[in-house]
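One-letter residues, chain by chain:
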Amino acid sequence: FVLRHQQCQISSAMLKRFKMDADTQVVVDEARIRKVTEQLFSALGMDAAGATACADVLVDNDLRGNDSHGVSYMLKQYTRWLRSGAQNPTPNVRLVRETLGTAVMDGDGALGVFAAQKAMKLAVAKAKDVGVGVVVLRNSGHIGGAGYHAEIASKSGMIGQVFAAPGGGAMCPTFGAEPRFGTHPMAWAAPAKNEAPFLFDAATTQVAGNKIRICGRLGRKVAANWITDGDGEVIQEEVDPPEKFFCAPLGGTRENGSHKGYGLACVADLMCNTMSGIGAGFLSGGGGVVLAAFNIEAFTDRETYDEWVDQFLKGLRTTKPVAGEERVRYPGLNAAETRAQRREAGIPYHPEVIFWFSQIAEELGHAGLCEAARQLPSITATEEDKAGWKKAFQGTLAAESMSHQVSNGSSGLNGYAASMGRWRGRDACWAHRPVRLLDGSMGRQLTLNGLPDDEVFRKVWAAKALLEPQWHDEIVKIHKDYIAAGSIAVTTSNYGVQPTYFARVFTEKDLDAKLAEYCLIAAQLARRAVEESGKKVRVLGCLPPLSESHRPDLDAEMRQSVGSKRMVQYFRTMGEALVKGKVDAIHLETMNSWEEAAEAIAGVRDLGLPIIVCLEGAFRDPVTRLPRPHAAVPAARAVLELKRQGVDIEMFGLNCAPPETIYDALRVMDEKGLVYDLHEAGILIAAYANVNDRKNAHDNEGFDVQKIRNSREGIKRREDLAADGWAGYLEFVRHWRMHGVSVVGGCCGCGPEGVAALRAGLVSE
């Protein structure tokens with residue numbers, strides 16, 4: 001197919017409101033933008049094959065002129081989702097159901113741009129065998145444009161079809177005042193012999209959500225009937241992109257046929273979300289994708305198809321145009337022409353995109369990414385522009401500032417956060433289950449009562465108090481205060497009785513004996529408090545992490561230095577002392593990693609007491625120390641496996657982390673069905689978070705609790721959690737309960753008054 005005579009007219013196919021001015025754009029050749037995009041995915045934790053696959057989707061979208069789903073507008077969101085833990089950079093994409101011609105695939109939290117490629121390739125393989133292959137993909141993210149995946153089939157000589165149904169937070173139904181759908185795109189792709197291949201890729205909304213972002217970036221108005229206001233009323237005049245809006249169905253208003261776009265969205269949701277078992281997008285969070293391949297030779301001879309498809313497409317493009325238009329295009333023609341032109345001349349980008357790469361490279365410090373970013377063209381922009389862009393980029397989680405704060409509803413993530421949740425339909429609502437209360441922070445209360453700090457224990461106050469007998473009565477009193485506040489258990493105060501700190505005070509020769517001595521003292525003090533209170537309260541024997549809190553890097557270094565066998569022995573020594581002190585359960589508290597938790601379990605599993613496994617709820621990356629909520633999934637699965645092996649695991653918990661990151665981890669677990677599986681196995685789920693900011697309370701190098709970076713309906717910032725009778729913390733508890741939590745308490749910043757407030761709030765509800 002010869003393109004030369006048509007290349008000069010390519011840009012006319014793009015609506016003028018979406019087109020950058022020539023003096024604004026920066027042209028980048030395909031190889032350079034592909035390289036820097038691949039390197040960014042690698043820096044975010046993906047392997048080489050995954051990085052290449054994801055980059056190919058975005059760059060190909062840019063090549064064919066689908067800029068709203070390319071590097072400029074999707075890469076920032078993918079970066080945010082990967083860094084926040086909403087998406088899994090190292091997924092295990094697997095089959096969960098299969099017949100000769102069909103399959104259901106679980107994406108394991110992968111980016112949809114990666115998992116959907118696997119799903120369509122499987123559909124193509126099945127179509128080669130039986131004529132038609134249909135694969136339903138669930139539990140993955142945004143697919144990066146349905147057309148790319150449909151083309152996988154057409155490039156294999158088949159007809160490809162893709163439906164996607166991302167959540168329920170973007171489009172209002174006809175006459176609806178609130179959203180019930182994502183943009184729910186559909187795509188079909190068909191090969192041709194001599195003509196450019198057919199490709200139809202469209203949302204069931206008037207325009208894709210990112211088209212509104214383009215208008216925001218370029219300072220253009222949104223056309224009439226494209227969007228609704230916050231109450232679902234279609235805006236029937238041109239406006240600047242508003243702060244809050246929803247997408248209108250294809251057609252805009254009922255008079256113009258919006259019931260058709262609405263109906264098509266229903267079809268997509270039924271096929272992608274209901275047929276897959278996920279449930280309606282606006283109830284479950286959705287995210288299902290149907291990918292199908294049709295083997296042409298199962299229906300007709302290839303020669304017959306080739307002849308007719310070329311005649312069909314040529315007949316369309318040679319149709320007589322109306323006055324004022326140069327020619328008629330068919331779906332896919334402009335994409336082919338644009339791809340040829342941009343491969344030769346380069347891809348145009350807004351200078352802000354080039355600037356963003358320089359900022360993200362500097363932040364991540366990944367050598368390959370930094371080098372690739374330096375190879376991008378220099379940009380021409382005023383210092384005022386650069387200052388404004390730089391101010392917008394406060395870390396990778398601010399990536400959506402690229403959209404000028406235009407609504408993010410099309411992602412479906414907001415729909416999930418506000419939804420009832422996937423598993424609650426199977427076992428009623430977790431929020432109706434009774435709640436058990438743990439205690440709160442010991443160290444906070446000791447410092448309020450006058451315990452001074454020192455350089456040895458670096459604000460791990462409870463351990464310091466154990467070494468000073470004059471504080472033992474105060475420890476007992478604080479335990480009793482928690483019991484009076486409503487705690488059904490108290491945790492021994494030996495957090496900080498760990499090799500990292502004790503090695504600063506005692507010799508290696510005495511280390512094990514001293515660890516045992518002070519664990520025993522802590523258990524005896526807790527038992528004394530329970531006996532003096534006269535209440536039926538359990539004593540949980542604390543097994544602390546062996547290195548400093550929130551330092552998975554130090555945990556890994558210790559394992560390499562002393563070996564896993566020695567770490568197991570440390571836990572054994574402390575566990576035996578706690579048993580001697582008559583604790584009721586062994587509480588693995590704030591483990592830095594699952595590896596450390598597994599070593600602790602190995603040390604105490606045969607001591608005859610139930611085990612409570614609590615991991616630091618942010619699951620921090622050992623290198624970046626940023627939260628990785630998806631890491632809760634393998635940990636929960638490992639706990640279930642140990643339970644099946646007969647290990648007496650009573651509870652699985654997430655603690656000592658920002659409440660919002662604990663919420664993220666619980667949400668990811670719930671998506672996988674692990675909340676249901678844990679309850680079925682008789683394992684309670686616990687959550688207790690840091691209530692204070694702790695930025696000034698902990699001075700560990702590099703430690704800084706992540707604040708809430710994205711808006712969540714009804715969730716307050718942690719500075720406000722203790723205000724208004726601890727209403728802010730109760731708000732988080734409500735969210736946690738919706739994801740299966742039935743044991744709650746407080747951590748750093750939460751004293752007996754906080755536990756009492758939790759109890760009062762929960763009783764009143």
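Anything mentioned here points back to the structure above.
Cut-off values and rules
- Residues numbered from 1 in each chain as written.
- Predicted model: local features only at pLDDT ≥ 70, side-chain atom pairs only at ≥ 80, totals over all residues.
- Heavy atoms only, no water.
- Helix = DSSP H or I, 4+ residues; strand = E, 2+ residues; numbered from the N terminus.
- Buried < 20%, exposed > 50% of the residue type's maximum accessible area, 1.4 Å probe, protein only.
- Axes fitted to C-alpha atoms, helices over the stretch in contact; angles between N-to-C directions.
- Parallel < 35°, antiparallel > 145°, perpendicular 65-115°, else oblique.
- Contact = heavy atoms within 4.5 Å.
- Expected span 1.5 Å × (residues − 1).
- Pairing = 2+ DSSP bridges.
- Phe/Tyr/Trp six-rings, centres within 6.5 Å; stacked < 30°, edge-to-face > 60°.
- Lys NZ or Arg CZ within 6 Å of the ring centre and 35° of its normal.

1. Brief notes about the environment of glycine 65
You can see glycine 65 is positioned in the loop between α2 (48–63) and α3 (71–84). A relative accessible area of 26% means that glycine 65 is categorised as partly exposed. Linking glycine 65 and arginine 339, residues 274 residues apart in sequence, is a C-alpha distance of 7.3 Å.

2. Let's talk about the packing of α2 against helix α4 (residues 112–130)
In the contact formed by α2 and α4, the axes pass within 8 Å of each other and the chain directions differ by 95°. On the basis of their axis angle, the class for α2 and α4 is roughly perpendicular. Facing α2, whose interface residues are Gly50, Ala53, Cys54 and Val57, α4 presents Val113, Phe114 and Gln117.

3. Focus: helix α23 (residues 632–644)
Relative to the 18 Å expected for 13 residues at 1.5 Å per residue, α23 spans 19 Å between its end C-alpha atoms, a close match to the ideal helical length. Ala632, Val633, Ala635, Ala636, Ala638, Val639, Leu640 and Leu642 are the residues of α23 that are buried. For α23, the elements touching its buried residues are α22 (594–604), β16 (611–616), β17 (649–655), α24 (659–671) and α25 (674–680). With its phi angle positive at about 100°, glycine 646 sits one or two positions after the end of α23.

4. Quick word on the pairing of strand β4 (residues 132–140)
Strand direction decides the pairing type here: strand β3 (residues 102–110) and β4, joined by six bridges, are parallel. Bridging from a neighbouring strand, valine 104 pairs with valine 136 of β4. Of the pairings in the sheet, the one linking β4 to strand β10 (residues 288–294) comprises six bridges and is antiparallel in character. Bridge assignment links leucine 137 to a residue of β10, and that residue is valine 289.

5. Here's the deal with the sheet that holds strand β2 (residues 94–98)
Strand order in this open sheet of seven strands is β2-β3-β4-β10-β5-β6-β7, and the pairing throughout is mixed. Each edge of the sheet is formed by a strand with only one pairing partner; in this case those strands are β2 and β7 (198–202). If you compare each strand with its neighbour and ignore which way they point, the axes differ by 15° on average. Both β2 and β3 contribute to a ladder of four bridges, which runs antiparallel. Each bridged residue has a counterpart across the sheet, and for arginine 97 the counterpart in β3 is valine 104. Strand contacts of helix α7 (residues 258–274): β4, β5 (159–165), β6 (186–190) and β10, with the helix running at about 95° to β5, the strand carrying the most contacts.

6. Describing unusual backbone geometry
Phi at asparagine 139 takes a positive value of approximately 60°, unusual for a residue other than glycine. Position of asparagine 139 among the secondary structure elements: in strand β4. Residue histidine 184 is not a glycine yet carries a positive backbone phi of 40°. If you trace the backbone, histidine 184 turns up in the loop between β5 and β6.

7. Digging into the packing of aromatic side chains
Per the counting criterion, the structure on display carries 11 aromatic pairs. Ring geometry for tryptophan 356 versus phenylalanine 357: centroids 5.5 Å apart, planes at 70°, classification edge-to-face. A single burial state applies to tryptophan 356 and to phenylalanine 357, both of which are buried. One aromatic cluster in this structure is built from Trp726, Tyr729, Phe732 and Trp736. Seen from the ring of tryptophan 356, lysine 76 lies directly overhead, with NZ or CZ sitting 5.2 Å from the centre. The ring centre of tyrosine 570 lies 3.9 Å from the NZ or CZ of arginine 566, which sits over that ring.

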